[in-house]
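Examination of the molecular architecture
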Amino acid sequence: MGNRTVTTGSVAGFAVRSAIALRYLRSGGSEPLEIVESDGERVPDGPLLIEYLPRPDNPFHARIHTDGDAIDLWIEGLGWYRVDPGAGRVEVPAGVDEIAREERLWGIPTSLCAIARGDHPLHAATVEVEGRALLLAGPGRHGKTTLAAASHAHGFRLLSEDATICRPGATPTVVPGPALLRLRRDSYERLHVPDVELVGEDPDRLHLAISRDRRGTTEPVPIAGLVLLGVGDEMHAERVDATSAIQQLWHLSFWLPGDEGRANAFARVADLASRVPVWRLTRPMRYETLDVVLEELERLAIG
């Protein structure tokens, strides 16, 4: 395919112009971001900066190289992405699974562009409750995605399913991410998830695009708080103190190694922790209790 524009829309506040079809765009956006296919196999221009090795709970394997201006990202099973935040441009690999390619595009490559403009990515799902954003974070297999899907089915707007772009400031906000949801088939059938389109599936997950009338724009949404998800016999919510909040936000953060990257990331984490309440929510992880959990999330969001 040539590099002509065939798709426009927005993710994370970027006004996307794409030479490939994209399925998860919202409306709005201001900062330009151009998406094109690579012409061929890449050779990284800079040294290895970081490598993500697969783990039993996460088979993701990737490497990041940087030459100081642009960043080369290799992802196993897909190939090379080249990210140039200064130019507002991302090259994506050609000849690979289009759904997987787009979903990875809205992860590390978009986070790198967001960092360059002063935003801060956190590993968390986010829902909008009465005009305020509530971030949901927890280890794998703690029900984060199921809770995000249940929130969508309940009528909350899903702003991000996995990587959340936060904008620090006097009023911290979330910039909505791609309109996607990846869910196990049993959870999808049990929750009767409405207003989605099945765009792909693999042995582990269904890949769902949120219907256009539920996507909304990528205008920033004020943050109500962040919820750390835990599992227990009874439901209990408690505030996390400032020192622990910084530690938790740091643990959830994405940033590139190096003194400047570390300093900028810590400053943004400290700013968020000073302005955004963090709660620890322990709850039974059963489908039958989801309605009660959603009521508690609504209570936390609106205060």
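Residues numbered from 1 in each chain as written. Predicted model: local features only at pLDDT ≥ 70, side-chain atom pairs only at ≥ 80, totals over all residues. Heavy atoms only, no water.

**Considering the pattern of salt bridges**
For clarity, the threshold we go by: For this document, the term salt bridge refers to a Lys or Arg side-chain nitrogen within 4 Å of an Asp or Glu carboxyl oxygen. In DSSP terms, a helix is any run of H or I states spanning at least four residues, a strand is any run of E spanning at least two, and both are numbered starting from the N terminus. Under the scheme applied here, a residue whose accessible area is under 20% of the maximum for its type counts as buried, over 50% as exposed, and between as partly exposed, the area being computed with a 1.4 Å probe on protein chains only.
Summed over the entire model, instances satisfying the criterion amount to 22 salt bridges. Where E31 meets R117, a salt bridge forms, and the shortest distance between an N and an O atom there is 3.3 Å. One end of the pair, E31, is in strand β3 (residues 31-37); the other, R117, is in the loop between α2 (108-116) and β9 (120-123), and 86 residues separate them in sequence. Here R157 makes a salt bridge to E128, at a shortest N to O gap of 2.8 Å. Linking R157 in strand β12 (residues 157-160) with E128 in strand β10 (residues 125-129), this pair joins segments that are 29 residues apart in sequence. Summarising the burial analysis for this pair, R157 and E128 share the class buried. Among the ionic contacts, a cluster of salt bridges with common partners joins E31, R117, D119 and R167.

**What to know about the side chain of H120**
Here is the rule we go by: Every residue pair with non-hydrogen atoms within 4.5 Å of one another is taken to be in contact.
Inspection of the secondary structure assignment puts H120 in strand β9. A residue is classified by how much of its surface remains accessible, and H120, at 1% relative accessible area, is buried. Setting aside anything within four residues of it in sequence, one finds H120 in contact with T164, I165, C166, P168, S253, F254, A265, R268, V269 and L272.

**Some remarks on the nonpolar core**
Heads up, the rule is: Residues grouped as a nonpolar core are buried Ala, Val, Leu, Ile, Met, Phe, Trp, Tyr and Cys residues, joined through side-chain atoms within 4.5 Å.
One finds I35, Y81, V90, L105 and W106 to be the most contacted residues of the largest nonpolar core, which totals 33 residues. Contributions of two or more residues to this core are made by β2 (14-18), β3, β5 (62-66), β6 (71-75), β7 (79-84), β8 (89-92), α1 (98-105) and α2. The element contributing the most residues to this core is α2, with four residues. Those residues in contact with I35 that lie beyond four places of it in its chain are V16, R17, S18, A19, I20, V90, V92 and L105. The next biggest cluster of nonpolar side chains, apart from the first, holds 30 residues, and it includes L147, A150, L181 and V193.

**Some details on the layout of surface pockets**
Formally: Site definitions follow a grid-based scheme: protein atoms alone, a 1 Å grid, a 1.4 Å probe that fits but cannot get out for cavities, and for pockets an open set with protein on both sides within 12 Å along at least five of seven lines, plus lining residues having an atom within 4 Å of a point. Grid points are joined across faces, edges and corners, and a volume is the space filled by probe spheres set on the points.
Taken as a whole, the second largest pocket spans an internal volume of roughly 510 Å³. Along the walls of the second largest pocket sit 22 residues, with I71, I115, A116, L256 and G261 positioned nearest its centre. Taken together, the elements giving at least two residues each to the lining of the second largest pocket come down to α2, β9 and α7 (259-275). Top contributing element to the lining of the second largest pocket by residue count: α7, with five residues.

Read these as geometric descriptors, not functional statements.
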